[in-house]
Amino acid sequence: MRRFHSSCHRAWTPGLALLGLVWGLLWATGCREPERPSERGDWKGRTLRIGTDATYPPFESVRDGELAGFDIELGALIAEELGAKVAWTNTSFDGVFPALMAGKFDLVMSAVTMTPERQQRLGFSDPYYTAGQTVAARAGDARITGLESLRGKVAGIQLNTTAALVLKQYPDVEVRQYPSIDLALQDLLNGNLDGVVGDAPTLHYFITHGFQGLRTTGGLLTEEHYGIVSKPEDTALREAVNGALRRLRESGRFAALEEKYFGEAARRAPVEPTGVPWGRVARRLAQGLALTLGLTALSLLAGLPLGLVVALGRRVRMRPLAWLCAAYVEALRGTPLLVQIIFIYYALPQLLGVDLAPMLAAVLALTLNSAAYVAEIFRAGIASVDPGQSEAARALGMSPAQAMRHVILPQAVRNVLPPLTNEGIALLKDSSLVSIIGMAELTRAGQELASQLAAPLAIWPAVAVFYLLATLPLTRLASALERRLQRQR
Amino acid sequence: MSLVEVRNLHKRFGTLEVLRGVDLTVEPGEVVVFVGPSGCGKSTLLRCLCGLEMPSEGEVVVGGVPVRDEPKALQALHRRVGMVFQRFLLFPHLSVLDNVTLAPRKVLGLPDAEAEALGRRMLELVHLGEKAGAWPEQLSGGQQQRVAIARALAMKPEVMLFDEPTSALDPELVGEVLEVMRELAREGMTMCVVTHEMGFAEDVAHRVLFMDAGKVVEEGAPQQVLREPKHPRTREFLARLLRR
């Protein structure tokens, strides 16, 4: 089963250390949440906020722009039982637990395996789904019949999933780890692996939806349980959820839902190999690109003046201010952007009692980060202007500020255009990191599409093309501007 | 009262003492030329006069106002004193006309139309009226230096300082700059000039000062200092200059 140890099945290892740190911080400060209705256990007429990472069909994925899957329908049923409305937040798995602890939502329903380690830190409902792992192999490869047959061969798994624990008992199986299960399946299809060990329903989903050249070998290797996660101290809500689960089982509605997703009929239902619905993909990626562009533009727009102010601040005679500006640059340039995003969105609410909307937190983090780089670019640009220029300006009676504004800066701007363009492009690509706080920008849209359509090979090149659609005009624009300024002198 | 008064001026950069007690007065309308070997402190003296360097010791008074390291006082000084640099230092991002009008507009607050009229008059003065719309890089060195002179004149300074204004020029371009400076002198402009152009010094200067090792060694009428120097250092310097 995936998601065993922690949240690092994405390739963002640097964020992990910080996630731990933020988590510890939240722990230490305690959760200064105002009393929520959950503590009274009465949810009638309230909104139940649930977080999920919709890249894991058939439990949760984005279909036609809407959340869909077993967890999603179950969440709706539970809310109905409680007489509550439901509001979903689709965010990356890396960010889903910090957001829960920061009070951004009340529950996490995201195919979360109950493990002893997690049960110490999180509150789990009664288990609602029993899953297990199985082996996937190429359809024409009769050698692979199950785990035993993988001895002396190569198996792929998703990073940090319980598959690793299973394979530990088979030291003669060579294990390769992949950030997501669809990439492991793709490598199996390409012939680089002999089998993939993973979560049975998900392997089944991918094989029927996009990897028709593969098959599952049948037979569950493990038994694991999914639970609905709440804050540990939120016992009233946990009891309410367990009550709702109980009532759903008694009324038969739970069984009906299980039948719909995992029953014989669902398994036997022929899935038409539809190919990639490019119109829909393009629309979704375009939406993601729009958000990416918006984030980048806003952050640059705010980061440019802020960076300029910081660069000028480093030159003033007031030592403390200059020192502060230098410290700002070092702090923001010396820490990963991902860490800053997580800090601003998850930790600030706890430390200062301010709650930032994801969009605001994203723009704030990108702005503060790019301002540090912009400041250094401007500083170098200003330093590259002949010091004689400033003397000439002063000899004409200009104040230092006038000399800066009318003589030094206009010349510095020419020098900094190429590095500023670089910074803009870097920021555009770095903005993908805000997916950790649930912003569905271009990379996140790609992740969702790749898992939902089981077609990573088609989706990721398309994502790349969409990034190029944004960056190429940007570089063109910058070089045109550069040429124009050159001609002017 | 003298326009420029310098009393016991010392200037040190770290342990290096560049000026070792200079006394100087310049009267209104006077043209003073400084000569001497490189490193003798004449450029530093000029930079002290226009407030780009602060005295380490002693006093510099221009128009009755002592030079102090205080922003407002310095700006007031800069307006009274025009400076022309060896390397011209035009603003490359501005047109020739804008180079001349920038300070009148921003420092004196002249309206654009007035500043432009002033700028064009100043450019006429240095015979570059037709270059108003050009960019500095399109001009020859001599033309650039004349624009620099017009730029300084536009602030209506009481005294003009020239720091080796022709040293960076090709020989054939030196004449046009010196000609403009001659005209200025004829109009009665007070000028302090650091130069190696002995012909110019003889023709135009009222007084020549020979400096060596941070001190004024000899001063007097140009014919006296340049033709019949009394001090051995002056003789040595002039002899070497003529051999070149």
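This write-up is about the structure you can find in this document. (Residues numbered from 1 in each chain as written. Chains lettered and ligands numbered in written order. Predicted model: local features only at pLDDT ≥ 70, side-chain atom pairs only at ≥ 80, totals over all residues. Heavy atoms only, no water.)

### Notes on the overall build of chain A
In plain terms, the rule: The secondary structure listing takes helices from DSSP runs of H or I that are at least 4 residues long and strands from runs of E that are at least 2 residues long, numbered from the N terminus. Working definition: with a 1.4 Å probe on protein chains only, accessible area under 20% of the residue-type maximum means buried, over 50% means exposed, and in between means partly exposed. With residues, only the protein chains shown are counted as cover, and all accessible areas are computed by Shrake-Rupley using a 1.4 Å probe.
Of the regular secondary structure elements, chain A holds 18 helices and 15 strands. Expressed as a percentage of the 489 residues in chain A, the buried residues total 55%. With an accessible surface of roughly 20,500 Å², chain A has 59% of that area assigned to carbon and sulfur atoms.

### Some remarks on the interface of chain A and chain B
The accessible area lost on association of the parts is a frequent measure of interface size. Worth spelling out the cut-off: The contact criterion used is simple: two residues touch if any of their non-hydrogen atoms lie within 4.5 Å. Defined here as a combined quantity, buried area equals the accessible surface (1.4 Å probe) lost by two parts on assembly, summed across both. We define a salt bridge as a side-chain nitrogen of Lys or Arg found within 4 Å of a carboxyl oxygen belonging to Asp or Glu. Counted as a polar contact is a pair of N or O atoms within 3.5 Å, where, for protein atoms, one must be capable of donating a hydrogen and the other of accepting one, and residues adjacent in sequence contribute only when both atoms are in side chains. Think of it as three bins: nonpolar holds Ala, Val, Leu, Ile, Met, Phe, Trp, Tyr, Cys and Pro, charged holds Asp, Glu, Lys and Arg, and polar takes everything else, Gly as well.
Across the contact, 20 residues belong to chain A and 23 residues belong to chain B. Around 2,100 Å² of area is buried between chain A and chain B when both sides are counted, 58% of it from carbon and sulfur atoms. At the boundary of chain A with chain B, the tally comes to two salt bridges. Residue Asp386(A) is joined to Arg87(B) by a salt bridge in which the shortest nitrogen-to-oxygen separation is 3.0 Å. Run the count over chain A and chain B and you get seven residue pairs in polar contact (both at pLDDT 80 or more). Elements with a minimum of two residues in the side of chain A that touches chain B: α15 (387-395) and α16 (400-430) of chain A. Its residues assigned to classes, the side of chain A that touches chain B comprises seven nonpolar, eight polar and five charged.

### Description of the nonpolar core
Stated formally: We call a set of buried residues a nonpolar core when its members are Ala, Val, Leu, Ile, Met, Phe, Trp, Tyr or Cys and they connect through side-chain atoms within 4.5 Å of each other.
Residues Met398(A), Phe34(B), Phe91(B) and Leu161(B) are the most contacted members of the largest nonpolar core, which totals 52 residues. Top element by residues in this core is α16(A). It accounts for six residues. Those residues within four positions of Leu161(B) in sequence are excluded, and the remaining contacts are Leu46(B), Leu49(B), Cys50(B), Val81(B), Gly82(B), Met83(B), Val84(B) and Cys192(B). In terms of nonpolar packing, the next biggest core, distinct from the first, is built from 50 residues, Val84(B), Met122(B), Ala201(B) and Leu241(B) among them.

### Things to note about the sheet that holds strand β2 (residues 16-26) of chain B
Residues and elements named next belong to chain B. As a reminder, the rule being used: Strands pair, by our definition, only if DSSP identifies at least two bridges between them. As a rule, the C-alpha atoms of each element are fitted with a line to give its axis, helices using only the stretch in contact, and angles between N-to-C directions run from 0 to 180 degrees.
With antiparallel pairing, four strands are arranged side by side in an open sheet as β2-β1-β4-β5. Strand pairing shows two members of the sheet lacking a second neighbour, β2 and β5 (65-66), which therefore form its edges. In the sheet, strand β4 (residues 57-62) pairs with β5 via two bridges, with the strands oriented antiparallel. Directly across from Val 62, in β5, lies its bridge partner Val 65. Packing of helix α1 (residues 42-49) onto the sheet brings it into contact with β1 (4-13), β2 and β4, and relative to β1 it is tilted by some 120°.

### A closer look at the pattern of salt bridges
Oppositely charged side chains can form a pair if their charged atoms are brought close together. All told, the structure shown has 38 salt bridges over all chains when counted by the stated rule. The residue Glu448(A) makes a salt bridge to Arg284(A) at a minimum N-O spacing of 3.7 Å. With a gap of 164 residues between them, Glu448(A) in helix α17 (residues 442-452) and Arg284(A) in helix α11 (residues 278-313) connect regions that are remote in the sequence. You'll find Glu448(A) and Arg284(A) in the same group, each marked buried. Its salt-bridge partner being Arg12(B), residue Glu57(B) comes within 3.3 Å of it at the nearest N-O pair. Of this pair, Glu57(B) sits in strand β4 while Arg12(B) sits in strand β1, and the two are 45 residues apart along the sequence. Among the charged side chains, a salt-bridge network with shared partners connects Arg314(A), Glu330(A), Arg333(A), Glu376(A) and Arg379(A).

### Focus on the sheet that holds strand β2 (residues 55-56) of chain A
Residues and elements named next belong to chain A. An order of β2-β3-β4 is seen for the three strands of this open sheet, with the pairing classed as antiparallel. Since the sheet does not close on itself, it has two edges, and those belong to β2 and β4 (66-68), each with one partner. Bridge analysis of strand β3 (residues 60-63) against β4 gives three bridges, and the strand direction is antiparallel. For Val 62, the partnering residue across the bridge sits in β4 and is Leu 67.

### Quick notes on the packing of helix α2 (residues 70-82) of chain A against helix α9 (residues 253-262) of chain A
Residues and elements named next belong to chain A. This is how it is decided: Oblique is the label for any angle not under 35 degrees, not over 145, and not in the 65 to 115 range, which are roughly parallel, roughly antiparallel and roughly perpendicular in turn. By definition, any crossing whose near helix is turned counterclockwise from its far helix by less than a right angle is left-handed, and any crossing with a clockwise turn is right-handed.
Relative to each other, α2 and α9 sit at 165°, their axes nearing to 10 Å. With respect to α9, the axis of α2 lies roughly antiparallel. The element α2 and its partner α9 pack so that their crossing is right-handed. Note on element contacts: α9 touches α2 through Arg 253, Phe 254, Leu 257, Glu 258, Lys 260, Tyr 261 and Phe 262, opposite Phe 70, Glu 73, Leu 74, Leu 77, Glu 80 and Glu 81. Each residue belonging to the contact of α2 with α9 can be placed in one class, and the counts come to seven nonpolar, no polar and six charged.

### Let's talk about the pairing of β1(B)
All names here are of chain B. As judged from the five bridges shared by β1 and β4, these two strands associate in the antiparallel manner. If you follow Glu 5 over to β4, its bridge partner there is Val 61. Across eight bridges, the pairing between β1 and β2 is antiparallel. Note on β2: the bridge partner recorded for Arg 12 is Glu 17. The loop that links β1 with its antiparallel partner β2 comprises two residues; one of these, Gly 14, has a positive phi angle of about 65°.

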